[in-house]
Amino acid sequence: MFQNQYPISMETSRASHQRPASLTASHPCPPHGQGDSASAGAAEAYRLYLELLGRYCVSLSLEKSGAWRDKITKSIDKALLLSDLYGIDKIDYGQAVIFFFLTVITNLMGSTLEDLGIKFVSAEKPSNLYSNVAYGDMDIDSKGNMGGKTQEHHEQLLKTNTLMTLEVVEKITSDKKNKVFLRLIHFNMPTKFNSLLERLQILDVHRSTSQSLMSMNHIIVKLASNIRETVNEEYKLDRHRFLGILDDAKFGGPTSYYRLGADRSVSWIALDILMENAMDGRHLHAISVVEILTDLTITSQIFNQATWQETFMALWFSALRLVQRDREPWEGPIPHLEARLCMLLSIVPLAIVSIVKEEPDTASTRSNYELNTVISKSTSRRHGLVSSLQLLAQYSGLLCPPPSVVNAANNAATKAAKIIVNLKNGSSGIGPNNQNMASVKAAGNMLHLIVEACITRKLIDTSAYFWPGYVVPSASSKNLPVTSESPWAIFMEGSQLTGSLKNALMITPASSLVELERLYYIALNGSEEERSSAAKILCGASLTRGWNIQEHAVHMVVKLLSTPIPAEMSGPEASSHLIAHMPMLSAVLFGVCSVEAVHIISLYGLVPEVAAALMPLCEAFGSFPPLPNHRPSPFDETSIYSVFSCAFLFLLRLWKFYKPPQEHRIAGRGGAVRLELTLDYLLLMHNHCISIQDPSPKDKPDYSSTSSDQPVYINSFPKLRNWYLQNQACIASTLPGLSSKNPVHQVANKILNMICVQMSKVGNLSGNPSSTSSSSMTESPVEDAFQRPLLPAWDILEAVPFVLEAVLTACASGRISSRDLVTGLRDLADFLPASLATIVSYFSAEITRGIWEPVAMNGVDWPSPATNLVLIESEIREILATVGVTLPSSYGSGAVPMLPLPMAALVSLTITFKLDKSLEYIHAVIGQALENCSTGSPWPSMSIIGALWAQKVRRWHDFIVLTGTRSPFARDKAAVAQLIRSCFSSFLGADAAHCGISGLLGLSISNQGSRLPVAPGYLYLRSCRSFHDAHFVNTVVLNLIIEHTRAAVVGQSRSRLLSSRSSLAAAASVVRHVASLGTSMLCVAGGPLLVQVLYEETLPSMLLSAAEAGPGGAATRLLEGYAMAYFLVLSGAFIWGARKATPGLKSFFSSRHGRAVGIHIEFVAGVVDGKVSVGCDAATWRAYASCLVGLMVRYAPTWIPAIGKGTLRKLAAGLRGWQEWDLALALLERGGLGSVELVVESLR
């Protein structure tokens, strides 16, 4: 009847739009001098409208509208101006129905408020599009002047009209179809829906004070109940069916049958894996870990159906476990405790800040009524944080501080104790002159540091100091150090940055942002000596251990690297301007080049900004020649070459510059194996960050902005670009020939002459730097033994590859000794440390080509590893054996170890460098390059390299052994598969004390001085980025998930509990735990690209192929389908998020999301539609398809609008064919405005 009732609704709707002035209680008389008869006529017309509306519009009948659809749509749109009101150019039939429905009930409620004299101003665009029509234009019959009885009748009619209006609205909203319409509006037009809720809230507020509303209380309650049901309703699988039981298993779930114990932390394994993976010093982060952790925490909270208290508890537990695993770290060039404390005390609090901030942002899009009915039912995020911190005090084992942090924890506890004492004494401060405070001492733990971090970031206030048991007086003040006046207090008093004060400030972190800001100001505007001192202090303890202000210190350091260049300067003038700031820049560069500092900077996602800041420095300092009196000097001494070398090597550390481009790709696919950082990618990320940032931030300080307000392109730096292209060419192919007149040839000659001074066989050195060139370099004698080519660094770097080829060829042919070769290379590195980058690239490329004969590492020509080789190899094999990987011995029976010539030369060069802190920027480059060479070569070289380095640095023994255990996984798929299997076994182990997170990642990395065993999860996280075929991980993980799903069902069958609802729910809980582990392992191994392959290739291929029939019956088949669906949705949610993408850097990857999900759902729809046949069991397929849609509807509804309309239609039709009516409707409801018509069609 929709087409029959429309004309009445259209005309009477227009009347209702015109009626407010005459039909409201506050305006009983019509305007424009109209008489009472007109008012009465309007009231009667409105009554007629309500009666017709209640008869025909309570439940719309849409079956007969087929042929009239277009006409009806145009008529409704024209009459109610829906296109203008809702901002849609072309309205389809479904949208016309929904908008008509919304317009009717919104105007009815608005009219009721006006009749009651309640003022209401909506923030929405006025829906009364006919309010400008004159009252006299209404086509209402006049009955002349009314008498007294007629007037009473009129007033009674107004009251009954108000009551009838609410009755009609209540009837409309109680209809099942109309509730679907309301949900559509709620999902797809929240602002319009909120306008309706605001009107309802006003009625609810006034019903206890308005006499008119008191009599309508029961109707308002029913109406509120209808709306509340719409708001609160979320799709859930049928609880009485098998799949409903799986979906109904709540957070944690009964897991005792599956040997996971009572540790609910297993549900949050993704947090532990993310944090431990972030500690890998070989991998720098282009995206802030704060942003990644924020999204992962929210996603985990959604999938675990946990409260915010449980969520924040899990977050603190994961971070505390991260610190406890490295309480007494082994030595080596890797991030240590400082980076882990940064995660606990800076990154996690900042992530919580983002999570808490989202709550009011979400609330701003909802009405107060919706907040009262929905959000208030659960604990607020901030309250959940407070309660989690209070409960955290019960876990004293996790809160025990590492030895190096005890003083900081005691100071935090003492601070709280002093504030409490002062408040009790009526004092307002704890100034240094207060003698009574000296005796106040308190024992602290990690909780006190966590609370201070939260207070600093305004997550909680100082009322936390008064929590029961928070302040524990020290049993003996003798055990606590005597606190002296902070050097920062002396600095803030105006003292100069003298030697003693500077040294104290470098080892003492700043306690407030004000102190940092003053230091930053001096670094920019002080004298040359003051700027250099301030920069060194800023890069000291405040950067690595200033947890409460660390994010500010990191931004300040990066900003100092981006020395502003006046706009009027360009070219040489701009370079000269940077040279003038050389002392300060040198202090910053050498101050942040440590492994710990660089990794902490990367945790904040500032690697792209650092790259953009370093490129102008490299271009400028590499274009100037050194001073005439330049000599090789200590590496941290300020000079043109030293500053250039530090900046250049720092820039190259940000990506794997020595890897050939083809290593990032797999033949036949054309896509990247994994997301490796390259210079082009870093610049793309930097420019993306600029494009999304606020152009005029009001509350952000100057140092918090990016290094440049303009995009940065490599073409803007011609010298750097030339080296970048030459380096790629050198890696990809052998060097071309050079003419003797070529300037590069002449520079190479000068370099050869320089390094020949240190060689014993200068006269035998070949002058041909290229194997393809017929020319030769002249062997002119060196007139001055100290004569060195004082050329710009870029000119020298361009010639170094040809020098390396000449000396390597000469050594291979016996014209120079190995000792002379290494001596010459070291002389070159001493002269220009930046040349190490070219040495690493060239030798790495030559090793992969396999054209050089191996040389004997016998201690005569080359250094011998014999002293430690057998021990190192046996320990590597023993660790691998604990995870089920067998590695044969390569150097038994007295065999002489051998290495390819370039590898022997490279490792021999690296062991000549001293382990000095000032050389960390060199060791960071050559260390990773050595490991890459050994793992990338089929030659068994890792044990030899490790043995040589263990002889040089005995205290690195454990680190070297662990590094050696990663080499078999680079190319051996069987070893990778076994390692992944060991991870699953340790997580689901039979021993309750050694399973779960502790079994997977271990309780301690160093294991109290014992090297064995290494937890399989820890070994996986340190090896997964070296897997040659990361796609292989998809298949292995998926097969293991199915395998453990079958094992869970079989275990229940043996216990004869499979028929039990709780037993089945417990099996589903284990499936989710296993899927969470598999998802986490998958994401760290390949990231977005591997998940995309899972959606588009791996899972469809498995479903299409005929699978082996595993043990178990129908329950096993259904659980397998559920496991695959949960794994797929969870993997996508971990990478893309389960909510709308934020405009942060993580959204940079969201473009792949729509494509991957669309392709997979199109595949599923094709199978459901009967166009594609699958090879798996029919029950497994049906469970998979149903659960996939159900999980998306429940946990990731924001994905659904990206699916094509035709795909949604086919998929919904297939679900209805399986009698999944509610699921099909829930899918279409979340498809966006474009799918509204599909919903309307399904309701016929």
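Look up a bit, the structure's there.
Nothing here was measured: the structure is a model prediction, and the numbers come from that model.

**So, the overall build of the protein**
On a plain count of helices and strands, the protein comes out with 54 helices and 4 strands. For the protein, the residues scored as buried account for 58% of the 1244 residues in total. Partitioning the contacts of the protein with sequence separation of at least 6, the portion at a separation of at least 24 is 80%. About 49600 Å² of surface is accessible on the protein, with carbon and sulfur atoms providing 53% of the total.

**Focus on the pattern of salt bridges**
For the structure shown, the criterion picks out 25 salt bridges. Measuring nitrogen to oxygen at the nearest pair gives 3.1 Å for the salt bridge that ties arginine 282 to glutamate 931. Of this pair, arginine 282 sits in the loop between α13 (269-277) and α14 (289-304) while glutamate 931 is found in helix α41 (residues 920-936), placing the two residues 649 residues apart along the sequence. Exposure class is identical for arginine 282 and glutamate 931. Each is buried. With its nearest N and O atoms 2.4 Å apart, the salt bridge here joins arginine 849 to glutamate 846. Remark: glutamate 846 and arginine 849 occur in helix α38 (residues 835-849); sequence separation between them is 3 residues, near one turn of the helix. A residue is classified by how much of its surface remains accessible, and arginine 849, at 23% relative accessible area, is partly exposed. Connected via shared salt-bridge partners are Glu276, Arg325, Asp326, Arg340 and Arg1022.

**Points about the side chain of serine 533**
Mapped onto the fold, serine 533 is located in helix α25 (residues 528-538). Once residues within four sequence positions are removed from consideration, serine 533 is found in contact with Leu497 and Lys502.

**A word on helix α43 (residues 957-965)**
For α43, the tally of buried residues reaches 9 of 9 residues, placing the bulk of the element in the interior. Buried residues of α43: His957, Asp958, Phe959, Ile960, Val961, Leu962, Thr963, Gly964 and Thr965, and no others.

**Quick look at helix α34 (residues 718-732)**
With 15 residues, α34 extends 21 Å from end C-alpha to end C-alpha; this agrees with the ideal 21 Å at 1.5 Å per step. Within α34, burial applies to Leu720, Trp723, Tyr724, Asn727, Cys730 and Ile731. Projected onto a plane normal to the axis of α34, the buried residues spread over an arc of 130° and lie on a single side. Residues of α34 that are buried in the fold lie against α31 (607-621), α32 (640-653), α33 (679-692), α36 (793-812) and α38.

**A few points about the packing of α31 against α33**
Put simply, α31 and α33 touch, their axes get as near as 8 Å, and they point 105° apart. Here α31 is positioned roughly perpendicular relative to α33, judged by the angle of their axes. Note on element contacts: α33 touches α31 through Leu679, Leu682, Leu683, Met685, His686 and Cys689, opposite Val607, Pro608, Glu609, Ala611, Ala612 and Met615. Taken together, the residues of the contact of α31 with α33 break down into 10 nonpolar, 1 polar and 1 charged.

**Some points on the packing of helix α52 (residues 1205-1217) against helix α53 (residues 1221-1229)**
One can describe the packing of α52 onto α53 by two numbers: an axis separation of 7 Å at closest approach and a directional angle of 165°. Our classification of the angle between α52 and α53 gives roughly antiparallel. The two elements α52 and α53 meet at a crossing, and its hand is left-handed. Contact residues: α52 offers Leu1208, Leu1211, Ala1212, Leu1215 and Arg1216, while α53 offers Trp1221, Leu1223, Ala1224, Leu1227 and Leu1228. Across the contact of α52 with α53, the residue classes tally to 9 nonpolar, no polar and 1 charged.

Basis of the calculations
- Residues numbered from 1 in each chain as written.
- Predicted model: local features only at pLDDT ≥ 70, side-chain atom pairs only at ≥ 80, totals over all residues.
- Heavy atoms only, no water.
- Helix = DSSP H or I, 4+ residues; strand = E, 2+ residues; numbered from the N terminus.
- Buried < 20%, exposed > 50% of the residue type's maximum accessible area, 1.4 Å probe, protein only.
- Contact = heavy atoms within 4.5 Å.
- Areas by Shrake-Rupley, 256 points an atom, 1.4 Å probe, with all protein chains shown as cover.
- Salt bridge = Lys/Arg side-chain N within 4 Å of Asp/Glu carboxyl O.
- Expected span 1.5 Å × (residues − 1).
- Arc of directions from axis to C-beta.
- Axes fitted to C-alpha atoms, helices over the stretch in contact; angles between N-to-C directions.
- Parallel < 35°, antiparallel > 145°, perpendicular 65-115°, else oblique.
- Nonpolar A, V, L, I, M, F, W, Y, C, P; charged D, E, K, R; others polar.
- Left-handed = near helix turned anticlockwise from the far one by under 90°.

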